[in-house]
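# Close look at the chain arrangement
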Amino acid sequence: MYKPKILVVEDDPAITNLIRTTLDTQDYQYHTAKNGSGALMDAVSYNADVIILDLGLPDMDGVAIIRKIRGWSNVPIIVVSARSEDQDKVEALDAGADDYLTKPFSIEELLARLRVALRRSRTEETAPQTSSSVYVNGNLTIDYAAGCAYLDGEEVHLTPIEYKLLCVLAKNTGKVLTHNYILKEVWGSALASDTPSLRVFMATLRKKIEQNPSDPKYIQTHIGVGYRMIRQ
Ligand code: CA
């Protein structure tokens, strides 16, 4: 059986040990790097299925590493950062990271994020973009060609903005999208002042697709960061 390969980039030995111990309990192979230059070399040579990247490295800015990797690879990147580095986390997601963990994190949290990332990399490998003109996730269906969304087979009446918003989230299922990213995709620009209107459209969209909008099952909120479509 194939064992997924994880590249762990972290300069703090205690965190590296926690991640190693966690990965040892699973059927994962891993390789560790302690700095940015090592990470970039390993990103090329190790051919990882997922990269876990600490943003605070001694020699290089984590966001710069993400941009470099994104120049040639779509490998899922999970960013690890301290709470005080919230703005870096948002920047990292905008640069193309897929997800984030805030230190201190639990083993369960780490494993859950890894499962999401691995599922995402597998889906991308097996489903070429061209064949995905219909999106199915639980009871939710989007027919991209017709420009319609359905819940339990019933058409959901969405405004053009709600539909665009839903499509952006659906096309990035499993991935945390920042407010900025969503604003740019839906409205073509990202002003911080637009964030409240994004919240309003998100609320109306949730009313239409979520059974219980106050306990959403499709669209998850990441406070201060953005939103994520959950695979059902
Ligand atoms: Ca660090």
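Residues numbered from 1 in each chain as written. Predicted model: local features only at pLDDT ≥ 70, side-chain atom pairs only at ≥ 80, totals over all residues. Heavy atoms only, no water.

### Here we look at the coordination of the calcium ion
- In this structure, Asp-11 (OD), Asp-54 (OD) and Gly-56 (O) serve as the protein donors to the calcium ion, at separations of 2.2 to 2.4 Å.
- Of note, the donors binding the calcium ion are all from one chain and are spaced D-x42-D-x1-G.
- On the accessibility criterion, Gly-56 (32% relative accessible area) is partly exposed. (Donors = N, O, S within 2.8 Å, 3.2 Å for Na, K, Ca; no water. Buried < 20%, exposed > 50% of the residue type's maximum accessible area, 1.4 Å probe, protein only.)

### Description of the domain arrangement of the protein
- Parsing the protein into structural domains produces domain 1 (5–126) and domain 2 (134–229).
- A separation of 26 Å is found between the C-alpha centroids of domain 1 and domain 2.
- Tallying the contact residues gives 11 residues for domain 1 and 12 residues for domain 2.
- The contact between domain 1 and domain 2 buries some 940 Å² in all, and 51% of this surface belongs to carbon and sulfur atoms.
- Contact with domain 2 buries surface across domain 1, with Asp-94, Tyr-100 and Arg-120 losing the most and accounting together for 43% of the total.
- With its nearest N and O atoms 3.1 Å apart, the salt bridge here joins Arg-228 to Asp-99.
- Here domain 1 is connected to domain 2 by four residue pairs in polar contact (both at pLDDT 80 or more).
- For the side of domain 1 that touches domain 2, the secondary structure elements donating two or more residues are helix H4 (86–94), strand E5 (99–103) and helix H5 (107–126).
- A breakdown of the residues in the side of domain 1 that touches domain 2 according to their chemical character gives five nonpolar, one polar and five charged. (Domains from an automatic or database assignment. Contact = heavy atoms within 4.5 Å. Buried area = accessible area lost by both parts, 1.4 Å probe. Salt bridge = Lys/Arg side-chain N within 4 Å of Asp/Glu carboxyl O. Polar contact = N/O pair within 3.5 Å; in protein donor to acceptor, adjacent residues only side chain to side chain. Helix = DSSP H or I, 4+ residues; strand = E, 2+ residues; numbered from the N terminus. Nonpolar A, V, L, I, M, F, W, Y, C, P; charged D, E, K, R; others polar.)

### Brief notes about helix H3 (residues 62–70)
- Regarding H3, the residues found buried are Gly-62, Val-63, Ile-65, Ile-66 and Ile-69. Down the axis of H3, the buried side of the element spans an arc of 155°, and every buried residue falls inside it.
- Tucked inside the fold, the buried residues of H3 contact helix H2 (36–45), strand E3 (50–54), strand E4 (77–82) and H4. (Arc of directions from axis to C-beta.)

### Focus: the packing of helix H6 (residues 160–171) against helix H7 (residues 179–187)
- Between H6 and H7, the least distance of the axes is 9 Å, while the angle of their chain directions is 130°. The orientation of H6 relative to H7 falls into the category oblique. As H6 runs across H7, the sense of the crossing is right-handed. Along its contact with H6, which presents Ile-161, Lys-164, Leu-165, Val-168 and Leu-169, the element H7 presents Tyr-181, Ile-182, Glu-185, Val-186 and Trp-187. (Axes fitted to C-alpha atoms, helices over the stretch in contact; angles between N-to-C directions. Parallel < 35°, antiparallel > 145°, perpendicular 65-115°, else oblique. Left-handed = near helix turned anticlockwise from the far one by under 90°.)

### Comments concerning the sheet that holds E3
- Reading across from one edge, E2-E1-E3-E4-E5 is the order of the five strands in this open sheet, with parallel pairing throughout. With partners counted over all chains shown, the strands left at the sheet margins are strand E2 (29–33) and E5, one partner each. When strand polarity is set aside, the average angle formed by the axes of neighbouring strands in this sheet is 20°.
- With five bridges connecting them, strand E1 (residues 5–9) and E2 associate as parallel partners. (Pairing = 2+ DSSP bridges.)

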